[in-house]
Amino acid sequence: MTYSRRKFLRHATTSGCYVIAACAGLMTPGQVFAEWAEDYFSPGKLEQTLDRLFAGADIADSAAISLNLPLIAEDGAVVPIKVSSTLNDVESIAILVEKNPVPLAAIFTLSENADHFVSAQLKMAETCDVIAVIKAGDQLYSARQQVKVTIGGCGG
Amino acid sequence: MTKTKIRLNPKNGKTELKILIAHPMEHGRNRDLETQELIPAHFIKTLTVSQNGKTVLSAQMAGSISKNPYFAFWLKGIENGDLIRVNWVDNQGLSGSAEQRLAELS
């Protein structure tokens, strides 16, 4: 049988990945947002998504969250964002885009070995607010900033 | 095929982790410009970062993350020789990973 070394390696890595992914899934059963949930990422209004994520709990504005976003994004397909926080006991950081069909962009669950910092790139359908919601010690905190999305460079 | 690249950068007792994944991140509402047919959704659902097999952080996401996603995090308590591994799984069942030992850098 001709089973080349290259082919073997490729198969070994692909199947290896599945095993590791499965293990990673098993290792985090206790975490709040460890599972990908259809509910969180279904289309709807921002308020509905926040309700589904946090079961209607109060979210307080916080100056302890810093958002690093452009004021004007020339390309809504790639909007860089950095979220950091000086809050204690941060469990998760959610990033939402107000007027996207699916408002929730991503939710990060952090262990104690991860600093309270996330950097990512978002798609934005139109000019609107970007919201970061941080869960820290059973409390919810948020910060928001508007980003103007200019399409075709015509100004906004 | 998709490609996953990671880079570790120790600084002031913390370690910066940068992740770059080649992935279309289609949210399923775009149309093919020629055939006018919807391009099927194809996006990364979960991303996991582990240190020596222990999960340090995980992320759930969907099509609102840009194409070819880039992420950066700061990890604490990473020592020389620790193995940092990044795994992701998308909605079509594809997965990818990359790993690096901190000692390889210094």
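### A short note on the side chain of H116 of chain A
All names here are of chain A.
Step number 1: Mapped onto the fold, H116 is located in the loop between strand 6 (104-110) and strand 7 (117-122).
Step number 2: The buried category is assigned to H116, whose relative accessible area is 19%.
Step number 3: The contact partners of H116, leaving out residues within four places of it in the chain, are V83, S84, S85, L87, V90, I93 and L110.

### What to know about the interface of chain A and chain B
Step number 1: The interface of chain A with chain B comprises 38 residues on the first partner and 40 residues on the second.
Step number 2: Buried area between chain A and chain B, summed over both chains or domains, comes out near 3200 Å², and the portion from carbon and sulfur atoms is 52%.
Step number 3: Considering only the surface of chain A that becomes buried against chain B, W36, N113 and K123 of chain A emerge as the three largest contributors, covering 22% of it.
Step number 4: Summed over the shared surface of chain A and chain B, the number is one salt bridge.
Step number 5: Taking the shortest distance from any N to any O, the salt bridge between D115 of chain A and K14 of chain B comes out at 2.6 Å.
Step number 6: Our count for the chain A to chain B interface comes out at 18 residue pairs in polar contact (both at pLDDT 80 or more).
Step number 7: When residues of the side of chain A that touches chain B are traced back to their parent elements, those giving at least two are helix 1 (5-27), strand 6 and strand 7 of chain A.
Step number 8: The element contributing the most residues to the side of chain A that touches chain B is strand 6 of chain A, with seven residues.
Step number 9: Pairing geometry for strand 6 of chain A and strand 4 (residues 54-61) of chain B, over five bridges, is antiparallel. By the bridge assignment, L110 of chain A is partnered in strand 4 of chain B with L57 of chain B.

### Some thoughts on the packing of aromatic side chains
Remark: the centre distance and the inter-plane angle together describe each pair of aromatic rings, the angle taken between the planes.
Step number 1: Per the counting criterion, the structure on display carries five aromatic pairs over all chains.
Step number 2: Here the aromatic rings of W36 of chain A and F43 of chain B are separated by 6.0 Å at their centres, their planes lie at 35°, and the arrangement is tilted. Note that W36 of chain A is positioned in the loop between helix 1 and helix 2 (46-54) and F43 of chain B in the loop between strand 2 (14-21) and strand 3 (44-51), a pairing that runs across two chains. Per residue, the accessibility class of W36 of chain A equals that of F43 of chain B, and both read buried.
Step number 3: Through pairs of rings, three or more aromatic residues link up here, namely W36 and F41 of chain A together with F43 of chain B.
Step number 4: The cationic tip of K45 of chain B hangs over the ring face of W36 of chain A; the distance from NZ or CZ to the ring centre is 4.2 Å.

### Points about the nonpolar core
Step number 1: If you look at the biggest cluster of nonpolar residues, it comprises 70 residues, and the most contacted ones within it are L17, I19, L47 and F73 of chain B.
Step number 2: Sorting elements by how many residues they give to this core places strand 8 (residues 128-136) of chain A first, with seven residues.
Step number 3: Apart from residues no more than four positions distant in its own chain, L17 of chain B is found in contact with I6, R7, L8, V49, F71, A72, F73, L75, I84 and V86 of chain B.

### Some points on the confidence of the model for chain A
As a general rule, the predicted coordinates of low-pLDDT regions are not to be interpreted in detail.
Residue and element names in this part refer to chain A.
Step number 1: The predicted model of chain A has a mean per-residue pLDDT of 83, with 75% of residues at 70 or higher.
Step number 2: Within the model, pLDDT remains below 50 along residues 19-31, and this stretch shows ten contacts once partners closer than five positions in the same chain are excluded.
Step number 3: This stretch, residues 152-156, has a pLDDT under 50; its non-local contacts, to residues over four places away or in other chains, come to three contacts.

### Description of the pairing of strand 6 (residues 83-90) of chain B
Residue and element names in this part refer to chain B.
Step number 1: Most of strand 6 is tucked away, with six of its eight residues classed as buried.
Step number 2: Summarising the sheet, strand 3 and strand 6 pair through seven bridges and their orientation is antiparallel. Counterpart to I44 in the pairing with strand 6 is D90.
Step number 3: Inspection of the sheet shows strand 6 paired to strand 7 (residues 95-101) by seven bridges, in the antiparallel sense. Each bridged residue has a counterpart across the sheet, and for W88 the counterpart in strand 7 is G96.

### Focus: the pairing of strand 9 (residues 139-149) of chain A
Look at any regular strand and the pattern is simple: side chains alternate between the two faces of the sheet.
Residues and elements named next belong to chain A.
Step number 1: Two strands pair when backbone bridges link them, and strand 1 (residues 59-61) and strand 9 are joined in this way by three bridges, in the parallel orientation. When the sheet's bridge partners are listed, D61 is paired in strand 9 with S142.
Step number 2: Here two bridges tie strand 3 (residues 72-73) to strand 9, and the two strands are oriented parallel to one another. Within the sheet, the bridge partner assigned to I72 lies in strand 9 and is K148.

### Section: the environment of K3 of chain B
Residues and elements named next belong to chain B.
Step number 1: Residue position: K3 is located in the segment before strand 1 (4-11).
Step number 2: Take K3: its relative accessible area is 58%, and that puts it in the exposed class.
Step number 3: Each C-alpha atom of the pair K3 and G96 lies 7.3 Å from the other, and the pair is 93 residues apart in sequence.
Step number 4: Filtering out sequence-adjacent residues up to four positions away, K3 remains in contact with L20, I21 and A22.

Criteria and thresholds
Residues numbered from 1 in each chain as written. Chains lettered and ligands numbered in written order. Predicted model: local features only at pLDDT ≥ 70, side-chain atom pairs only at ≥ 80, totals over all residues. Heavy atoms only, no water. Helix = DSSP H or I, 4+ residues; strand = E, 2+ residues; numbered from the N terminus. Buried < 20%, exposed > 50% of the residue type's maximum accessible area, 1.4 Å probe, protein only. Contact = heavy atoms within 4.5 Å. Buried area = accessible area lost by both parts, 1.4 Å probe. Salt bridge = Lys/Arg side-chain N within 4 Å of Asp/Glu carboxyl O. Polar contact = N/O pair within 3.5 Å; in protein donor to acceptor, adjacent residues only side chain to side chain. Pairing = 2+ DSSP bridges. Phe/Tyr/Trp six-rings, centres within 6.5 Å; stacked < 30°, edge-to-face > 60°. Lys NZ or Arg CZ within 6 Å of the ring centre and 35° of its normal. Core = buried A, V, L, I, M, F, W, Y, C linked by side-chain atoms within 4.5 Å. pLDDT = per-residue confidence, 0-100.

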